[in-house]
Amino acid sequence: MRKKTILAGLLLLALGLSGCAQKAEPAPEIALLEPVGVELDSAAAYIGNLNQITTYDSAVTPEVEELHMTVDGTVKKMYVTLGDLVKKGDVLLELDESDTQEAYDRLAEQIEYTQTVNDYDNRMAQIDIDLLKNQLRALQAAQGGAEQQKQIELKQVEIEQAELNLRQARERQQLSLETQKKDLQALGEKLGKNLLVAPCDGRVAYAASLQEGDWLTAYRPVAYIADESRLYLSGESISTSLSGGATEMYALINGGRYEITPREMEREDYIALVLAGNDVPACFDFEAGEDVEAGMYAAVCLVTRARENVLLIPTNALLRGGGGR
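Note that the coordinates shown come from a computational prediction; the quantities given were computed from them, not determined experimentally. (Residues numbered from 1 in each chain as written. Predicted model: local features only at pLDDT ≥ 70, side-chain atom pairs only at ≥ 80, totals over all residues. Heavy atoms only, no water.)

A.B. asks: Outline a negative patch on the surface, supporting the account with residue identities and numerical values.
C.D. replies: A cluster of acidic residues, D96, D99, E102, D105, E109, E112 and E212, forms a negative patch on the protein surface. Top element by residues in the negative patch is helix α2 (residues 98-141). It accounts for five residues. Relative to the elements of secondary structure, D105 occurs in helix α2. Owing to a relative accessible area of 35%, D105 belongs among the partly exposed residues under this scheme. (Patch = residues over 30% accessible without salt bridge, like charges linked within 9 Å, V, L, I, M, F, W, Y side chains within 5 Å. Areas by Shrake-Rupley, 256 points an atom, 1.4 Å probe, with all protein chains shown as cover. Salt bridge = Lys/Arg side-chain N within 4 Å of Asp/Glu carboxyl O. Lys, Arg positive; Asp, Glu negative; His and termini not counted. Charge placed at Lys NZ, Arg CZ, Asp CG, Glu CD. Helix = DSSP H or I, 4+ residues; strand = E, 2+ residues; numbered from the N terminus. Buried < 20%, exposed > 50% of the residue type's maximum accessible area, 1.4 Å probe, protein only.)

Quick look at the structure:
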């Protein structure tokens, strides 16, 4: 009886498990992702030349002309101001030369009058000498004794003195006329120099503040003209040792490469900058192309530490770690 009970229980348990297996849901399928591919950059190492290039900021700068008058004078009119564009030959400043012209005309008339008076005085003095010589000949022709001989000697002395006076008068006249003619020449040299003209096409970078009637002394700076047809580079200071040790120098301007040569600065300008505590800019000459204009940025490149026939590999192929590269 007990064995039957155990068998019945096992049978019921088997039936229950069989029923549960039929009712269970299938497990969901898992979608696998495709493996990620990594593309590696590669480049071939090769034998070539290696240079160290140092760049410096610079700018395309126009040549600047300092303009001044060569004579003193009164300002008649200033024709330009800061920033004006001018053409070669344009009048920038005019001096009033009416006073100079009047002085020239007055002195010329005085010289002409002096020459006329001198000629008259000299002719009269020569006539007096001729009269004395006639008197001498009359005394010499007359027969007389010791008294007459004494008169002849006195007349000869009188003639010699008159001739000496005439020579000295002519010398004084000549010196005086030479002085007046030099003054006249100086005034004449001033005439026609009352105009200050532009020596080139360009832009007025500086114009003195001058009004009509102002007195202007010779060689005082009146204007500065920036000649944009003549360009050079001026920029960041570069030590002489570095520039002198460079194997190559060039500039990159507006996408183009230009060969450059260092420009020496005038000693006076160099000393003035140093004494003022300013950096001395590095200046270079170059042949500007048509697409280069004043004010453009330029990168001055100095090539140093050149190595030839070395193995070259890409920079990104070098890994930096605790032990170095």
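Don't stop here, the text continues.
A.B. asks: So, helix α3 (residues 146-190): which residues are in play, and what are the values?
C.D. replies: The end-to-end C-alpha distance of α3, which contains 45 residues, comes to 67 Å, matching closely the 66 Å that a straight helix rising 1.5 Å per residue would cover. Taken residue by residue, α3 has Q148, I152, K155, I159, A162, L166, A169, Q173, L177, Q180, L184 and L187 as its buried positions. For α3, the elements touching its buried residues are α2. Phi turns positive one or two residues past the end of α3, at G192, with a value near 85 degrees. (Expected span 1.5 Å × (residues − 1). Contact = heavy atoms within 4.5 Å.)

A.B. asks: I'd like a description of the packing of aromatic side chains, backed by residues and values.
C.D. replies: The geometry of two aromatic rings is summed up by the distance between their centres and the angle between their planes. What the rule picks out here adds up to two aromatic pairs. Look at Y258 and F286: their rings are 5.9 Å apart centre to centre, the planes differ by 75 degrees, and that puts the pair in the edge-to-face class. Residue Y258 is located in strand β10 (residues 256-259), and its partner F286 is located in the loop between β12 (282-285) and β13 (297-312); the two are separated by 28 residues in the primary sequence. With relative accessibility at 12%, the residue Y258 sits in the buried group. Cation over ring: R257 sits above Y250, and NZ or CZ is 3.7 Å from the ring centre. Above the ring of Y232, the side-chain terminus of R263 is found at 4.2 Å from the ring centroid. (Phe/Tyr/Trp six-rings, centres within 6.5 Å; stacked < 30°, edge-to-face > 60°. Lys NZ or Arg CZ within 6 Å of the ring centre and 35° of its normal.)

A.B. asks: Break down unusual backbone geometry for me, with residues and values.
C.D. replies: Working note: non-glycine residues mostly have negative phi, and peptide bonds are mostly trans. The phi dihedral of Y219 falls on the positive side, at around 70 degrees, and the residue is not glycine. Its place among the elements puts Y219 in the loop between β7 (215-216) and β8 (221-235). According to the relative accessible area criterion, Y219 is exposed, its value standing at 53%. In this structure, N309 is a non-glycine residue whose phi angle is positive, near 55 degrees. Positionally, N309 belongs in strand β13.

A.B. asks: Give me the lowdown on the nonpolar core, citing residues and values where you can.
C.D. replies: Generally speaking, soluble globular proteins have nonpolar side chains that are buried together. Among the nonpolar cores identified, the biggest contains 19 residues, and L93, L210 and L216 are the most heavily contacted of them. Put simply, the parts of the chain that give this core at least two residues each are β2 (73-78), β4 (91-96) and β8. Looking at which element gives the most residues to this core, the answer is β4, with three residues. In contact with L216, not counting residues within four places along its chain, are M69, V71, D72, G73, V75, L93, L95, L210 and V222. Judged by nonpolar contacts, the second largest core, of 18 residues, contains I253, Y258, F284 and A298. (Core = buried A, V, L, I, M, F, W, Y, C linked by side-chain atoms within 4.5 Å.)

A.B. asks: Explain the confidence of the model for the protein chain to me, and be specific about the residues and the numbers.
C.D. replies: When pLDDT is averaged across the protein chain, the result is 85; 87% of the residues are at 70 or more. This model gives residues 1-21 a pLDDT under 50, and the stretch forms zero contacts once residues within four places in sequence are excluded. (pLDDT = per-residue confidence, 0-100.)

A.B. asks: Got a sec to walk through the pairing of strand β1 (residues 46-68)? Specific residues and values, please.
C.D. replies: Where β1 meets β13, twelve bridges bridge the pair, whose relative direction is antiparallel. Within β13, the residue paired with Y56 across the bridge is V300. In the sheet, β1 pairs with β8 via eleven bridges, with the strands oriented antiparallel. Among the inter-strand pairings, A59 is bridged to a residue of β8, identified as S234. (Pairing = 2+ DSSP bridges.)

A.B. asks: Run through the packing of α2 against α3, naming residues and quoting values.
C.D. replies: It is at 10 Å that the axes of α2 and α3 come closest, and there the two elements cross at 170 degrees. Looking at the two axes, α2 sits roughly antiparallel to α3. Here the residues of the contact of α2 with α3 are counted per class, giving 17 nonpolar, 15 polar and eight charged. (Axes fitted to C-alpha atoms, helices over the stretch in contact; angles between N-to-C directions. Parallel < 35°, antiparallel > 145°, perpendicular 65-115°, else oblique. Nonpolar A, V, L, I, M, F, W, Y, C, P; charged D, E, K, R; others polar.)

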